[in-house]
Amino acid sequence: MTTEHFPEQEYRRMIKMCLRCSVCKWIPQVQIKSQKYASCCPAMDIYDYHAYSGGGRIILALAYEMGRVKPSDDLLNIVYRCTECGNCAIACKYMNTLEPLEIIMKFREKLVKDGYGPMPQQKAYTEAMKKVNNPYNEPHEKRVDWLPSDIKVDPDAKLLYYVGCTSSYRRKEMAIAAARIMNAAGVPFNILKDDEFCCGSPVYRTGDVESFKVQLNKNLDVMESKGIETIIFSCAGCYDTFKVDYPLYREYNFEVLHTVEFFEQLIEEGKLKFTTEVPIMVTYHDPCHLGRTAERYEEWAGDELKLMPLVSINIPPKPKNIGAKGVYDAPRNILNKIPGLKLVEMERIMEYSYCCGAGAGVKSAFPDMAIRSSKNRIEEAEDSGANILVSACPFCSTNLQDGIKESGSKLKYYDISELILMALGLDPEKLIQATAGGA
Ligand code: SF4
Ligand code: SF4
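Residues numbered from 1 in each chain as written. Chains lettered and ligands numbered in written order. Predicted model: local features only at pLDDT ≥ 70, side-chain atom pairs only at ≥ 80, totals over all residues. Heavy atoms only, no water.

Draft legend 1. Representation of the overall build of the chain. Helix and strand counts for the chain come out as 19 helices and nine strands. Computed over C-alpha atoms, the radius of gyration of the chain comes to 21 Å, within 12% of the 22 Å expected from 2.2 N^0.38 for 439 residues, which places it in the range of a compact globule. Summarising its shape, the C-alpha atoms of the chain cover approximately 65 × 50 × 40 Å along the three principal directions. Excluding contacts between residues fewer than 6 apart, the proportion of contacts in the chain whose partners are at least 24 apart in sequence is 78%. Accessible surface for the chain amounts to roughly 17,600 Å². Of this, 52% is attributable to carbon and sulfur atoms. Separation of charge centres in the chain, based on 54 positive and 59 negative side chains, amounts to 3 Å. (Helix = DSSP H or I, 4+ residues; strand = E, 2+ residues; numbered from the N terminus. Rg over C-alpha atoms; globule rule 2.2 N^0.38 Å. Contact = heavy atoms within 4.5 Å. Areas by Shrake-Rupley, 256 points an atom, 1.4 Å probe, with all protein chains shown as cover. Lys, Arg positive; Asp, Glu negative; His and termini not counted. Charge placed at Lys NZ, Arg CZ, Asp CG, Glu CD.)

Draft legend 2. Examining the site of ligand 2 more closely. Around ligand 2 there are 13 residues in total, and Cys-41, Arg-57, Cys-82, Cys-85 and Cys-88 lie nearest to it. Broken down by secondary-structure element, the contributors of at least two residues to the shell around ligand 2 are α3 (54-65) and α5 (87-95). Per-class residue counts for the shell around ligand 2 are six nonpolar, five polar and two charged. (Near = heavy atom within 4 Å. Nonpolar A, V, L, I, M, F, W, Y, C, P; charged D, E, K, R; others polar.)

Draft legend 3. The packing of α3 against helix α6 (residues 100-113), seen in detail. Running from N to C, α3 and α6 cross one another at 40°; their axes reach a closest spacing of 10 Å. Classified by the angle between their axes, α3 and α6 sit oblique to one another. In the packing of α3 onto α6, the handedness of the crossing is left-handed. Packed against α3, whose contacting residues are Arg-57, Ile-58, Leu-60, Ala-61, Tyr-64 and Glu-65, the element α6 presents Pro-100, Ile-103, Ile-104, Phe-107, Lys-110 and Leu-111 at the interface. (Axes fitted to C-alpha atoms, helices over the stretch in contact; angles between N-to-C directions. Parallel < 35°, antiparallel > 145°, perpendicular 65-115°, else oblique. Left-handed = near helix turned anticlockwise from the far one by under 90°.)

Draft legend 4. View of the layout of surface pockets. Approximately 580 Å³ is the volume attributed to the largest pocket. Taken together, 38 residues line the largest pocket, and the ones lying closest to its centre are Tyr-136, Thr-166, Ser-201, Pro-202 and Phe-395. (1 Å grid on protein atoms, 1.4 Å probe; cavity = no way out; pocket = protein on both sides within 12 Å on 5 of 7 lines; lining within 4 Å. Points joined across faces, edges and corners; volume = space filled by probe spheres on them.)

Draft legend 5. Structural detail: helix α7 (residues 120-132). Between its terminal C-alpha atoms α7 stretches 18 Å, which fits the 18 Å expected from 13 residues at 1.5 Å a residue. Gln-122, Tyr-125, Thr-126, Ala-128, Met-129 and Val-132 are the residues of α7 that are buried. Taken around the axis of α7, the buried residues stretch over an arc of 160°, which confines them to a single face. Counted as exposed and oriented over 90 degrees from the buried face of α7: Pro-120 and Lys-131. Those residues of α7 that are buried are in contact with α10 (201-204), α11 (209-225) and α15 (362-365). Looking one or two residues past α7, Asn-133 carries a phi angle of roughly 70°, positive in sign. (Expected span 1.5 Å × (residues − 1). Buried < 20%, exposed > 50% of the residue type's maximum accessible area, 1.4 Å probe, protein only. Arc of directions from axis to C-beta.)

Draft legend 6. Looking closely at the site of ligand 1. Of all residues adjacent to ligand 1, which total 13 residues, the nearest are Cys-18, Cys-21, Ser-22, Cys-24 and Cys-92. Here the residues of the shell around ligand 1 sort into nine nonpolar, three polar and one charged.

Draft legend 7. A look at the nonpolar core. Within the largest apolar cluster, 98 residues are counted, with the highest numbers of intra-cluster contacts made by Tyr-161, Met-223, Phe-242, Phe-263, Leu-335 and Leu-419. If you look at the next biggest cluster of nonpolar residues, it comprises 38 residues, including Cys-18, Leu-76, Tyr-352 and Ala-370. (Core = buried A, V, L, I, M, F, W, Y, C linked by side-chain atoms within 4.5 Å.)

Draft legend 8. Layout of empty space enclosed by the protein. Across all of its chains, the model carries six cavities of 30 Å³ or more by this definition. Computed from the structure, the largest cavity encloses a volume of approximately 240 Å³. What lines the largest cavity is a set of 23 residues, among which Leu-101, Glu-102, Val-244, Thr-293 and Glu-295 lie closest to the centre. Among the secondary structure elements, those contributing two or more residues to the lining of the largest cavity are α5, α6 and α12 (236-249). Examining the composition of the lining of the largest cavity, we find that four residues originate from one element, α12, more than from any other. Approximately 100 Å³ is the volume found for the second largest cavity. In terms of lining residues, the second largest cavity is bounded by 18 residues, among which Cys-41, Arg-57, Cys-82, Cys-85 and Cys-88 are the most central.

Draft legend 9. Just the environment of Ala-91, in detail. Take Ala-91: it is sitting in helix α5. With relative accessibility at 1%, the residue Ala-91 sits in the buried group. Ignoring sequence-local partners within four residues, the contact set of Ala-91 consists of Val-23, Cys-24, Trp-26 and Pro-28.

Draft legend 10. Inspection of the packing of aromatic side chains at higher detail. This model, assessed by the stated rule, comprises 14 aromatic pairs. Pairing Phe-233 with Tyr-239 gives two aromatic rings, centres 6.4 Å apart and planes at 65°, and the pair type is edge-to-face. Both residues of the pair, Phe-233 and Tyr-239, belong to the buried class. Between Tyr-252 and Phe-254, the ring centres sit 4.2 Å apart and the planes meet at 10°, which makes this aromatic pair stacked. Judged by its relative accessible area of 8%, Phe-254 falls in the buried class. An aromatic cluster is built from Tyr-162, Tyr-204, Phe-212, Phe-233, Tyr-239, Phe-242, Tyr-246 and Tyr-249, whose rings are joined through pairwise contacts. Between Arg-348 and the ring centre of Tyr-354, over which it is positioned, the NZ or CZ distance is 4.1 Å. (Phe/Tyr/Trp six-rings, centres within 6.5 Å; stacked < 30°, edge-to-face > 60°. Lys NZ or Arg CZ within 6 Å of the ring centre and 35° of its normal.)

Okay, structure coming up:
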């Protein structure tokens, strides 16, 4: 365990190592299926200049470290127009050994520490989180308003459903669906109600690590006091934050699962039985935080053997996070078990999935960028031939639904939990009080 998310020494070493090869602008060559969907970076697709790519951001980080660029609105406008989707990092590590995502995050951390970042809209949601425990500035006491009176919650259960801010306030249909599925399976679960606080992901990803540590300690104190054994998350962002980021600052002793992993287990154990045909054609969007970024950064100690000035090998070999350990099979296995449902794939999937465009503070500070990225993904979903787009994250849900509206697409969006309800013979339209979204 370390007390920083990426060691300073590694940061300083790596920002000098970028080859300017631009590999980080594309999904790996062998994975490309068409020129139309070859790019991997939402920021590059919109703004085109190298500075917006993973490698360009590394050059900026180096220039900032050397004092060659001074803090300015222009600098912040580039640094924060990035969803931290991590696609550049997967592409880079296919060929090289750098960690563009860790560098981007550390650069933001430095800008905050130096008194410049994050963006004004992100500062506003940070203040809201500190005041009312959620970035939407909603009253804390309304956090559990989503909970219908007929759903059974067991205060003594050691299985906790951590709802998260977005499902609690903006995508209530996801919280209701998850809770109804667990009731249908007869699985006792608890929720924290007033004792649940923002996981801290929105502030962590914009560089405010000190505020993030406050949130993680508040949450872990509550969970440890209740002797929780397993926590499940329907939000990919909260899941990733607990699984990957919390342990960098404080270890814990419970199991962390996304609902798709948990529901797949319940299906295998026979506790959830699909009885109803759902005759639709769907395509599945892999959320970044459930896929490639949901891998822990592994510290490495060893020797670097220089072969040429910019080419070296690591002894022993350095562990590489290439996104392969993300949660990709569970949602597809669930979808493939739903009677009558046909799953067709987009071109960029799993660790090469294209970001929905909302993450790391982009939705609040740069809504134009979020919508343009979402529209790119919607077009790709349409090209798959599906008429339903499905995913497993409330933040993706909001932004993809916004993209569907803005592009005038005929696609319909569902969270995977809603399709599970349908397959269980429970009508989500009747069981879910649909709510307006938008964050
Ligand atoms: S970040 Fe990696 S892939 Fe991108 S230009 Fe630098 S070395 Fe090449
Ligand atoms: S993290 Fe995503 S948006 Fe940011 S530079 Fe890398 S690929 Fe582009």
